[in-house]
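Here is how the chains run, residue by residue.
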Amino acid sequence: MGHADTLLAMGGAFVAAAFFARLGGRIGLPTIPLFMLAGILLGPHTPGFVLVEDAHDFEMLSALGLVLLLFYLGLEFHLDDLRSGGKRLLTAGGVYLLLNVGAGLGFGLVLGWGTREALVLAGVLGISSSAIVTKILIDLGRIGRPETRLILGVIVVEDIFLALYLAALQPVVAGAHGMADTVLQAGKAFGFLLVLAAAARYGTRLVGRLIDTRDNELLVISFLGAAVLVAGVSELLGVADAIGAFMVGLILAGTPSGSRIRELVHPLRDAFAAIFFFAFGLAIDPGDLASVAGPVAAAAALTVVMNVVAGLCVARVYHYGSEPAAEIATTLVARGEFALILAAMAAGAGLDARLAPFIAGYVLVLAVLGPVVAGRAHVLAAVLRAAGRLLPGATAPAPAPAPVAVPGGGNGGGTEADSLPGPAEASSSPGSSPSSPERAEAER
């Protein structure tokens, strides 16, 4: 592509992504699947106008979008969130991961596409989309409800698991030769992560001094340089580049400049994350989606069922009644940005060619189905009330878990929220739930 062609393609991609996002916003759809749809429709595999002939032309921009997504997630993440949530929060997150990741692994093995592919599918089916889930909670007016803090806590646990899972999965999907080579590569990866984790725990004061400046321009250059550089080093050491960026965000979050960095990186994240999703759509042949329609439908149904089961199990742990139990069970259904991260990793490792269209179709279905299912939680609540034995003695919500920061890393579109109001603010907002005694009376 020439210089002019490159600029035209980039500009067209941004305009197309914005157009589809605006169009979908009018009917309540999240932005992530719409960015993908724009890439599919304007890519080389779809009849009509072709904006970009080769998806590889956007490879560097797409990689930068992925780096910024995980960098922002690191900025939003705090280990104190887990400590404040206590053992029950870890139990809740563990239940979701055990059921959903386990179901994903079993589903991948049943498909018979290969062991490495099954490991990728375990993560794809097992991790919710923090961006879409957060948007659902805001759109449905559920911010002030006690169970919302539990839902956000589960997302935080899933995000931690994803970071560790990607680090462990990288040498496996990259085709390490033998157990010794796999252990060596995994050891290097986790060693590097431990160094970065130690820097996040003990080195924030020194790092804060190094990047401290009142000039926003210099601050942007500093944190972008650090994120991209460490991402490159991570790639060399066998760790996914996005995980290196995540750790840099985790380190910078603890510095005095952390809040300014979050504000400054926000528009960059939104712009380049949109290109990441758009570029993923460019590589998808709609004809391939038809060939995996059966597995996609089966995986979507399995995800809905396992989320309902996990939600009911967690509701029992917290002694929640039927209404909050139904909301927990239906809100975490959506899948999005993290599935596409795994798809990008699988494509780079040369795994089964059916993975990319399968994941694209799966994300498109659940990103649309997720808000629909969550909006009809009352139907499940009515079923649970009719079959009261599922939640014996749980007639009111238990005290809410400790407040958890919203993991905004998967936004990618600029329409999802970056923070949630505190308990006092939320309780007075439109759509907030009644108090616990009122909820208990309604349940009775």
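Since we're looking at a predicted model, the values are computed, not measured. (Residues numbered from 1 in each chain as written. Predicted model: local features only at pLDDT ≥ 70, side-chain atom pairs only at ≥ 80, totals over all residues. Heavy atoms only, no water.)

**Things to note about the confidence of the model for the chain**
Note: predicted coordinates in regions of low pLDDT should not be interpreted at a detailed level.
Part 1: Confidence in the prediction for the chain averages 79 pLDDT; 82% of positions are at 70 or higher.
Part 2: In the model of the chain, helix H19 (residues 423-427) stands out as the element of lowest mean pLDDT, 36, in contrast to helix H5 (residues 115-126), which has the highest, 92.
Part 3: Low confidence marks residues 393-400, where pLDDT is under 50. Its contacts with residues over four positions away, or in another chain, come to 26 contacts.
Part 4: This model gives residues 408-444 a pLDDT under 50, and the stretch forms 87 contacts once residues within four places in sequence are excluded. (pLDDT = per-residue confidence, 0-100. Helix = DSSP H or I, 4+ residues; strand = E, 2+ residues; numbered from the N terminus. Contact = heavy atoms within 4.5 Å.)

**What about the environment of Arg 88?**
Part 1: Structurally, Arg 88 can be placed in helix H4 (residues 79-111).
Part 2: The spatial distance from the C-alpha of Arg 88 to the C-alpha of Leu 150 is 9.5 Å, given a sequence separation of 62 residues.

**A word on the nonpolar core**
Part 1: Ranked by internal contacts, the top residues of the largest apolar core, which has 109 residues, are Phe 71, Val 120, Phe 358 and Ile 359.
Part 2: The residues touching Val 120, leaving out its near neighbours within four places in the chain, are Tyr 165, Leu 169, Val 173, Leu 342, Ala 346, Leu 351, Leu 355 and Ile 359.
Part 3: Counting 26 residues, the second-largest nonpolar core is a separate cluster that includes Tyr 96, Leu 152, Tyr 320 and Ala 381. (Core = buried A, V, L, I, M, F, W, Y, C linked by side-chain atoms within 4.5 Å. Buried < 20%, exposed > 50% of the residue type's maximum accessible area, 1.4 Å probe, protein only.)

**Considerations on the environment of Asp 212**
Part 1: Relative to the elements of secondary structure, Asp 212 occurs in the loop between helix H9 (204-211) and helix H10 (216-236).
Part 2: Placed 10 residues apart in sequence, Asp 212 and Ser 222 show a C-alpha to C-alpha distance of 9.4 Å.

**Some words on the pattern of salt bridges**
Part 1: Going through the model one piece at a time under the given rule, you end up with 2 salt bridges.
Part 2: When the shortest N-O distance is used, the salt bridge between Arg 269 and Asp 270 registers 2.6 Å. For the pair shown, Arg 269 and Asp 270 are each scored as buried.
Part 3: Ionic pairing is found between Asp 352 and Arg 354, a salt bridge with its closest N-O pair at 2.8 Å. (Salt bridge = Lys/Arg side-chain N within 4 Å of Asp/Glu carboxyl O.)

**Things to note about the packing of helix H14 (residues 293-317) against helix H15 (residues 322-331)**
Part 1: Across the interface, H14 lies against H15 with an axial gap of 8 Å and an inter-helix angle of 140°. Considered as vectors, H14 and H15 are oriented oblique to each other. Relative to H15, the crossing made by H14 is right-handed. Taken together, the residues of H15 that come into contact with H14 (itself represented by Asn 307, Val 308, Gly 311, Leu 312 and Ala 315) are Ala 325, Ile 328 and Ala 329. (Axes fitted to C-alpha atoms, helices over the stretch in contact; angles between N-to-C directions. Parallel < 35°, antiparallel > 145°, perpendicular 65-115°, else oblique. Left-handed = near helix turned anticlockwise from the far one by under 90°.)

**Brief notes about the packing of H14 against helix H17 (residues 355-375)**
Part 1: Here H14 crosses H17 at 45°, and the two axes come no closer than 9 Å. When the axes of H14 and H17 are compared, the pair comes out oblique. As for the relative orientation of H14 and H17, their crossing is right-handed in sense. Taken together, the residues of H17 that come into contact with H14 (itself represented by Pro 295, Val 296, Ala 299, Ala 300, Thr 303 and Val 304) are Phe 358, Gly 361, Tyr 362, Val 365, Leu 366 and Leu 369.
Part 2: The residue inventory of the contact of H14 with H17, partitioned by class, reads 10 nonpolar, 2 polar and no charged. (Nonpolar A, V, L, I, M, F, W, Y, C, P; charged D, E, K, R; others polar.)

**Details of the packing of aromatic side chains**
Part 1: By the definition in use, this model includes 9 aromatic pairs.
Part 2: Between Phe 161 and Tyr 165 the ring centres are 5.2 Å apart and the planes differ by 20°, which places this aromatic pair in the stacked class. Within this pair, Phe 161 and its partner Tyr 165 are both found in helix H7 (residues 146-173), separated by 4 residues, close to a single helical turn.
Part 3: Site record: aromatic cluster; members linked through ring pairs are Phe 107, Trp 113, Phe 358 and Tyr 362.
Part 4: It is Arg 269 that lies over the ring of Tyr 72; its NZ or CZ is 4.1 Å from the centre. (Phe/Tyr/Trp six-rings, centres within 6.5 Å; stacked < 30°, edge-to-face > 60°. Lys NZ or Arg CZ within 6 Å of the ring centre and 35° of its normal.)

**A closer look at the side chain of Glu 158**
Part 1: By the element assignment, Glu 158 lies in helix H7.
Part 2: Although buried, Glu 158 forms no salt bridge, and the nearest oppositely charged side chain, Arg 335, lies 5.8 Å from it.
Part 3: Only 3.2 Å separates the side chain of Glu 158 from the backbone nitrogen of Ser 128, close enough to count as a polar contact.
Part 4: In contact with Glu 158, other than residues within four places in its own chain, are Tyr 96, Leu 97, Gly 126, Ile 127 and Ser 128. (Lys, Arg positive; Asp, Glu negative; His and termini not counted. Polar contact = N/O pair within 3.5 Å; in protein donor to acceptor, adjacent residues only side chain to side chain.)

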